Amino acid sequence: MKWAGMYFVGFVILIGGILAALWKLGVLQHIETTWLLIGVAILLGMGIMVSVANSGSKENIQIDRK
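Scoring rules and cut-offs
- Residues numbered from 1 in each chain as written.
- Predicted model: local features only at pLDDT ≥ 70, side-chain atom pairs only at ≥ 80, totals over all residues.
- Heavy atoms only, no water.
- Helix = DSSP H or I, 4+ residues; strand = E, 2+ residues; numbered from the N terminus.
- Buried < 20%, exposed > 50% of the residue type's maximum accessible area, 1.4 Å probe, protein only.
- Expected span 1.5 Å × (residues − 1).
- Contact = heavy atoms within 4.5 Å.
- Patch = residues over 30% accessible without salt bridge, like charges linked within 9 Å, V, L, I, M, F, W, Y side chains within 5 Å.
- Areas by Shrake-Rupley, 256 points an atom, 1.4 Å probe, with all protein chains shown as cover.
- Salt bridge = Lys/Arg side-chain N within 4 Å of Asp/Glu carboxyl O.
- Axes fitted to C-alpha atoms, helices over the stretch in contact; angles between N-to-C directions.
- Parallel < 35°, antiparallel > 145°, perpendicular 65-115°, else oblique.
- Left-handed = near helix turned anticlockwise from the far one by under 90°.
- Nonpolar A, V, L, I, M, F, W, Y, C, P; charged D, E, K, R; others polar.
- Polar contact = N/O pair within 3.5 Å; in protein donor to acceptor, adjacent residues only side chain to side chain.

J.: Would you explain the environment of Ile-61 in this entry?
T.: One can find Ile-61 in the segment after helix 2 (33-53). Given the relative accessible area of 76%, Ile-61 is considered exposed. Placed 15 residues apart in sequence, Ile-61 and Met-46 show a C-alpha to C-alpha distance of 30 Å.

Spelled out as structure tokens, the structure:
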């Protein structure tokens, strides 16, 4: 598995842990389902963008022409 995939899996686990803590504290009972889903979608999108941006090394390739 590439590093981008590992980062994204870790980010999803982090979001799951935060949501579980908010649920246990009773905070999620006061938030509508629609807003909760919008927030999760935004966080997942940010996680994908950051994991793709940090994946792999950026190298310049030089081609020898003969």
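Back to the write-up after that little detour.
J.: When you look at helix 1 (residues 3-25) in this model, what are you seeing that I'm missing?
T.: It helps to recall that an α-helix has 3.6 residues per turn; residues three or four apart then point in one direction. In this model helix 1 runs 33 Å from its N-terminal to its C-terminal C-alpha over 23 residues, within 8% of the 33 Å that 1.5 Å per residue would give. The complete set of buried residues in helix 1 reads Ala-4, Phe-11 and Ile-15. Those residues of helix 1 that are buried are in contact with helix 2. Downstream of helix 1 by one or two residues, Gly-26 has phi in the positive range, about 85 degrees.

J.: Is there a simple way to think about a nonpolar patch on the surface in this case?
T.: Residues Leu-25, Val-27, Ile-31, Trp-35, Ile-38, Ile-42, Leu-43, Met-46 and Met-49 make up a contiguous nonpolar surface patch of roughly 900 Å² in combined accessible area. Among the secondary structure elements, Leu-43 is positioned in helix 2.

J.: Would you take a moment to explain the packing of helix 1 against helix 2 for this structure?
T.: Each packed pair of helices is defined by two parameters, the angle between the axes and the distance between the axes. Between helix 1 and helix 2, whose axes approach to 9 Å, the crossing angle comes to 155 degrees. One way to sum up the angle between helix 1 and helix 2 is to call them roughly antiparallel. The way helix 1 lies across helix 2 gives a crossing that is right-handed. Between helix 1 and helix 2, the contacting residues are Ala-4, Tyr-7, Phe-8, Phe-11, Val-12, Ile-15 and Leu-19 on the first element and Leu-36, Val-40, Leu-43, Leu-44, Gly-47, Ile-48, Val-50 and Ser-51 on the second. Taken together, the residues of the contact of helix 1 with helix 2 sort by class into 13 nonpolar, 2 polar and no charged.

J.: What am I meant to see in the side chain of Ser-51 here?
T.: Mapped onto the fold, Ser-51 is located in helix 2. Judged by its relative accessible area of 4%, Ser-51 is buried. From its side chain, Ser-51 meets the backbone oxygen of Ile-48 in a polar contact 3.0 Å long. In this structure, Ser-51 is in contact with Ala-4, Tyr-7 and Phe-8, ignoring residues within four places of it in sequence.

Functional significance is not addressed by these values, which are geometric in nature.
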